[in-house]
Amino acid sequence: MKTNLPPQSALGKSIDFQKYVIFLIIGWTFIIGALLTWSFSSEKEKIEFAAREAGRAQIKKDILYRRWNAGHGGVYAPITPYTPANPELSDVPERDITTPSGKQLTLINPAYMTRQVLELGFHADGSKGHITSLKPLRPANLADGWEAEALEKFEQGITEHSSIETVDGEQKLRLMKPLTTENGCLNCHAKQGYQTGDIRGGISVVIPLAPYQANSKHHMLMLTLGLGFLWVLGSIVLIFGLRQMHVRNADRNRIVIDLQESEKRHRTIVQTAMDGFWLVDAKGALLDVNDTYCIMTGFSREELLTKHIGDLEVLETSEKTENHLQQIRNRGEDRFVSRHKRKDGSQFDVEVNVQFQELEGGRYVVFIRDISASQQAEKIIEAIQAGTARATGEQFFHELSKYIGEFLDVRYCFTAKLIPHDMAETVAVWANGKIADNFQYELEGTPCRDVSDSGTCFFPSNVQNLYPDDQLLTDMGVESYLGTPLRDAQGVPNGLLVVMDNGPMLDIEVARQVLEVFAARAGAEL
């Protein structure tokens, strides 16, 4: 008769919570990692942009002073080991001249001047420049593979070419822009067939990225540390916040479970009450009834929930019922005797107890006791008392079970005592018209548990559905159940007096009164 309903595993819930936290931490780590990756990529783009802008500025400057030089037809400078006469200009008149003071000067054309300036830049900051062409006058100006590719693109209309390349074992930006033939360039290059506006070649620069990367390194270190701190802080907030949410959810779940259990207990109490039960709205319409009242009247629950108090009340008119409800609402409660009618048209006397509750516009909680059965109960009690008057001990319990079973016309009646380990042991059993063998059973999951804990319980029908884990009910084919506790001299429960039947139990009030009367003596005999 024992029921074992496995509770939800606290360990399982803890593991689920840990998995959820780990999942969110992984997600948070992915977000921080994505931010860090984006930051590094953005910083790399900034470095390349800054280097590219520096290269553009350098080329622009070189083109400007080349244009200035070409605009003057070249300039003269003293001949030195660093600035010897340009052999590529040997056919130019007055390449070399002598001043009145006897100083030797040589013509510096735009290309010669640019080459010397680029060499100065290389020694100053490591940037490297090169004037080149697919048809250079000076062999040293011949384009390398990267420059040749850029020059071919310039012929197709591209105005700039750049990329990150490894030069001398270091990452450097290579940038190249085209050189357009201007009028001043024709002094040297007309013999090559160039005309004004032709793409004559290009000027390239190589910008080391190391200085830019060094400046960025500190910034990226601070950014990495900042994101790392943000990750730690975010993880702590996530763990703490989720933990608090977990605790609140657990508390809320416990409250919900407690409320559900409380509602279940209250529903069980109402359904198993010996008295009929109504829940009535402010206008007198029935909202809920229990099985006991259904048996009292012969109506089904569905039929009763379509009725008004006036459909069942015999002694009061509709107007009087309405006034009575208002009086109860004002006082909060009332207790009175009335008369109700059954489905077959017969009538029966009732004692009514009403309480008003301020819920959802007003609700009346009504308990109804059939008092017409009292006389019948008194006759049965007198007969049983006569039959058991001289019996004591075990004989008393056998006689009591027999007489109750016969007079109430039920299939089973037994008296049991409560024993250790949450068990009960019968001391007398009446089954199928004769005394049967005693047995022991576990209280957990049985209606007897509710009797020992809460007092008299009545299940007029469907008791197997209410206690699906009570195998004894199934084996015996029990449909209805009525039990009352036995108590010792100190009022402590020490046993049970139970009747059960294979069909619905109709004489509710009679059976209840009989059991409760003899429960006192049975408890003393135990």
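Predicted, not measured: the structure shown is a model, and the values here were computed from it.

Caption draft 1: Structural view of the overall build of the protein. Scanning the protein for helices and strands turns up 15 helices and 19 strands. Taken over 526 residues, the protein has a buried fraction of 40%. Once local pairs closer than 6 in sequence are excluded, the contacts in the protein between residues at least 24 apart make up 56%. Just so you have it, the protein exposes about 29100 Å², and 55% of that area is on carbon and sulfur atoms.

Caption draft 2: Molecular detail of helix α15 (residues 508-525). Under the 1.5 Å per step criterion, the end-to-end length of α15 is 26 Å for 18 residues, consistent within 8% with the ideal 26 Å. At Ala519, α15 shows its largest bend, some 35°. When α15 is considered as a whole, its buried residues turn out to be Ile508, Glu509, Val510, Ala511, Arg512, Gln513, Val514, Leu515, Phe518, Ala519, Ala522 and Gly523.

Caption draft 3: Expanded view of the pattern of salt bridges. Counted by the stated rule, this structure contains 18 salt bridges. Here Glu160 makes a salt bridge to Lys177, at a shortest N to O gap of 3.3 Å. Taken together, the residues Glu160 in the loop between α3 (145-155) and β5 (161-167) and Lys177 in strand β6 (residues 170-180) connect sequence positions 17 residues apart. Here Lys177 falls in the partly exposed class, since its relative accessible area comes to 24%. Among the salt bridges present, the one from Glu516 reaches Arg512, with a minimum N-O distance of 2.8 Å. Note that Glu516 and Arg512 are positioned in helix α15 at a spacing of four residues, about one turn of the helix. Accessibility expressed as a relative area gives 34% for Glu516, which makes it partly exposed. You can call Arg512 buried: its relative accessible area is 8%. It is possible to trace a salt-bridge network through shared partners that takes in Glu53, Arg56, Glu160 and Lys177.

Caption draft 4: Structural context of the confidence of the model for the protein. A residue-level look at the protein finds 89% of positions with pLDDT of 70 or above and a mean pLDDT of 85. Here residues 1-12 is modelled with pLDDT under 50, and outside its nearest four sequence neighbours on either side it reaches 17 contacts, counting other chains as well.

Caption draft 5: Just the sheet that holds strand β7 (residues 199-208), in detail. Read across the sheet, four strands follow the order β4-β7-β6-β5 without closing on themselves; strand pairing throughout is antiparallel. A strand with exactly one partner marks an edge of an open sheet, and here the two such strands are β4 (128-132) and β5. This sheet shows a mean twist of 25° between the axes of neighbouring strands, independent of strand direction. Judged from the five bridges that link them, β4 and β7 form a sheet pairing that is antiparallel. Opposite Gly129, over in β7, you have Val205 as the bridge partner.

Caption draft 6: View of the pairing of strand β10 (residues 333-341). With burial as the criterion, only one face of β10 is covered, namely that bearing Asp334, Phe336, Ser338 and His340; the residues Glu333, Arg335, Val337, Arg339 and Lys341 on the opposite face remain uncovered. Judged from the nine bridges that link them, β10 and strand β11 (residues 347-357) form a sheet pairing that is antiparallel. Residue pairing in the sheet places Lys341 in a bridge with Gln347 of β11.

Caption draft 7: Structural view of the packing of helix α11 (residues 393-407) against α15. Where α11 contacts α15, the axes come no closer than 11 Å and their chain directions differ by 170°. What the angle tells us is that α11 and α15 run roughly antiparallel. Residues Gly393, Phe396, Phe397, Leu400 and Ile404 of α11 touch α15, and the partners they reach there are Val514, Leu515, Phe518, Arg521, Ala522 and Glu525. The residue makeup of the contact of α11 with α15, split by class, is eight nonpolar, one polar and two charged.

Conventions used here
Residues numbered from 1 in each chain as written. Predicted model: local features only at pLDDT ≥ 70, side-chain atom pairs only at ≥ 80, totals over all residues. Heavy atoms only, no water. Helix = DSSP H or I, 4+ residues; strand = E, 2+ residues; numbered from the N terminus. Buried < 20%, exposed > 50% of the residue type's maximum accessible area, 1.4 Å probe, protein only. Contact = heavy atoms within 4.5 Å. Areas by Shrake-Rupley, 256 points an atom, 1.4 Å probe, with all protein chains shown as cover. Expected span 1.5 Å × (residues − 1). Bend = angle between axes of the 7 residues up to and from the residue. Salt bridge = Lys/Arg side-chain N within 4 Å of Asp/Glu carboxyl O. pLDDT = per-residue confidence, 0-100. Pairing = 2+ DSSP bridges. Axes fitted to C-alpha atoms, helices over the stretch in contact; angles between N-to-C directions. Parallel < 35°, antiparallel > 145°, perpendicular 65-115°, else oblique. Nonpolar A, V, L, I, M, F, W, Y, C, P; charged D, E, K, R; others polar.

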